[in-house]
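The lines below spell out each chain.
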Amino acid sequence: MTATEFDAELDARGLFCPEPVMMLHNRINDVEPGGVLRVVATDPSTTRDIPRFCQFLGHELVSQAEQKGEFVYLIRRGG
């Protein structure tokens, strides 16, 4: 999978903890199991919170990167 292949996107730019993860919790349910959600955020706390979210809820963190002050995540929804 390349960095541009995803099924849905969540734009959490400008939001601060806990809003990005709260929105992620709702948005991941819109993605079919096995589908990929792309999340873009500006809050540095997402580098801690999103991997934990994935670990606790059984989703795969496919990739995590910082690009020009934005944090970009690809998350594969677990079954």
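Before reading further, recall that the structure is shown in the block above.
Residues numbered from 1 in each chain as written. Predicted model: local features only at pLDDT ≥ 70, side-chain atom pairs only at ≥ 80, totals over all residues. Heavy atoms only, no water.

**Student:** Tell me about helix H2 (residues 46-57), and name the residues and values.
**Tutor:** An ideal rise of 1.5 Å per residue puts 16 Å on 12 residues; H2 measures up with 16 Å between its terminal C-alpha atoms. Among the residues of H2, Thr46, Asp49, Ile50, Phe53 and Cys54 are the ones counted as buried. One side of H2 holds all its buried residues, which, seen down the axis, span an arc of 130°. Seen from the open side of H2, the exposed residues pointing more than 90 degrees away from its buried face are Gln55 and Phe56. Of the surrounding elements, those touching the buried residues of H2 are helix H1 (19-27), strand S2 (36-41), strand S3 (60-67) and strand S4 (70-76). Of the residues one or two after H2, Gly58 is the one with positive phi, at around 80°. (Helix = DSSP H or I, 4+ residues; strand = E, 2+ residues; numbered from the N terminus. Expected span 1.5 Å × (residues − 1). Buried < 20%, exposed > 50% of the residue type's maximum accessible area, 1.4 Å probe, protein only. Arc of directions from axis to C-beta. Contact = heavy atoms within 4.5 Å.)

**Student:** Mind laying out the sheet that holds strand S1 (residues 8-12), listing which residues take part and the relevant values?
**Tutor:** Either a parallel or an antiparallel arrangement is found when strands of a sheet pair, and the pairing is made through backbone hydrogen bonds. If you walk across this open sheet you meet the four strands as S1-S2-S4-S3, and the pairing is mixed. One side of each edge strand has no neighbouring strand; the edge strands of this open sheet are S1 and S3. Strand-to-strand twist of the sheet, defined as the mean angle between neighbouring strand axes without regard to direction, takes the value 15°. Pairing geometry for S3 and S4, over seven bridges, is antiparallel. Looking at S4, one finds that Leu61 is bridged to Ile75. Across the sheet, H1 touches S1, S2 and S4, and the angle it forms with S1 is around 160°. (Pairing = 2+ DSSP bridges. Axes fitted to C-alpha atoms, helices over the stretch in contact; angles between N-to-C directions.)

**Student:** Help me get a handle on the environment of Gln67, residues and values and all.
**Tutor:** Along the polypeptide, Gln67 turns up in strand S3. In this structure the C-alpha to C-alpha distance between Gln67 and Thr42, which are 25 residues apart in sequence, comes to 10.0 Å.

Worth remembering: the numbers are spatial, not functional.
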